[in-house]
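Listed below are the residues making up each chain.
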Amino acid sequence: MKNQNLLLFLLLFLGNMVLYGQCFVNAGGNTTICGTSYTLQGTSSGDTNGAPVWTIVSKPAGAPDPVFSNVNSLTPNVTGMTFPGNYVFQVAQNCNPSGTVTSQVTINAPGATTGFTAGPDITTIPA
């Protein structure tokens, strides 16, 4: 009887694992960068179906859309973050059989720094 109960428990447990296959996607950690480009650090695991897809969720007001090197890669390079502020990216991954999972990451960029100067040297003030 004990073995029958154990077998029944194992069958129910494994049956649920098969019925409710899961997958996960992670867009990586939020970060602050020093330039206008960054390589996103996505990961996925489990029963995935097809390629991931990256999108831009939000960006600083007036900023042009950043450009992905490959929206279907877990680690695309993103360029064109030329306005200072937060850029929020989302990765979506299809899962078997449960649908799509998503994850977001925020990249804080300083914007383009070309054309800025510190001004003329001040040589008339003693140190």
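Described below are features of the structure shown in this document. None of these values were measured; they are calculated from a predicted model.

Thresholds, definitions, all that
Residues numbered from 1 in each chain as written. Predicted model: local features only at pLDDT ≥ 70, side-chain atom pairs only at ≥ 80, totals over all residues. Heavy atoms only, no water. Pairing = 2+ DSSP bridges. Helix = DSSP H or I, 4+ residues; strand = E, 2+ residues; numbered from the N terminus. Core = buried A, V, L, I, M, F, W, Y, C linked by side-chain atoms within 4.5 Å. Buried < 20%, exposed > 50% of the residue type's maximum accessible area, 1.4 Å probe, protein only. Contact = heavy atoms within 4.5 Å. Disulfide = S-S within 2.5 Å.

As a further point, take the sheet that holds strand β6 (residues 67-68). Spatial strand order, β3-β7-β6: three strands in an open sheet with antiparallel pairing. Edge positions in the sheet fall to β3 (38-39) and β6, since each has one partner strand and no second. Two elements, β3 and strand β7 (residues 77-79), share two bridges in a ladder whose sense is antiparallel. Each bridged residue has a counterpart across the sheet, and for T39 the counterpart in β7 is N77.

Residues in a regular strand point their side chains to alternate faces of the sheet. Two strands pair when backbone bridges link them, and strand β5 (residues 53-58) and strand β8 (residues 85-95) are joined in this way by five bridges, in the antiparallel orientation. Paired with V53 across the two strands is A92, which belongs to β8. Judged from the 11 bridges that link them, β8 and strand β9 (residues 99-109) form a sheet pairing that is antiparallel. By the bridge assignment, A92 is partnered in β9 with T102.

With 15 residues, the main nonpolar core has L40, W54, M81, F89, V105 and I107 as its most contacted residues. Only β8 and β9 provide two or more residues apiece to this core.

Within the fold, V25 resides in strand β1 (residues 23-26). Not counting residues up to four positions away in its chain, the partners in contact with V25 are T43, S44, V91, Q93, V101, T102 and S103.

This paragraph deals with the pairing of β1. Covered by surrounding structure in β1 are C23 and V25 only, the residues F24 and N26 on the alternate face being uncovered. In this sheet, strand β4 (residues 43-46) lies alongside β1 in antiparallel orientation, the contact comprising four bridges. Looking at the pairing, C23 lines up with G46 of β4.

Let us now look at the state of the cysteines. Chemically, a disulfide is nothing more than a covalent bond linking the sulfur atoms of two cysteines. In the structure shown here, the tally under the stated rule is one disulfide. Put simply, C23 and C95 are joined by a disulfide, and their sulfur atoms are 1.6 Å apart. When the S-S torsion is -65 degrees, as for the bridge of C23 with C95, the disulfide is left-handed. Here C95 lies in strand β8 and C23 lies in strand β1, a separation of 72 residues in the sequence.

Spatially, the four strands line up as an open sheet ordered β2-β9-β8-β5, and their pairing is mixed. With partners counted over all chains shown, the strands left at the sheet margins are β2 (31-32) and β5, one partner each.

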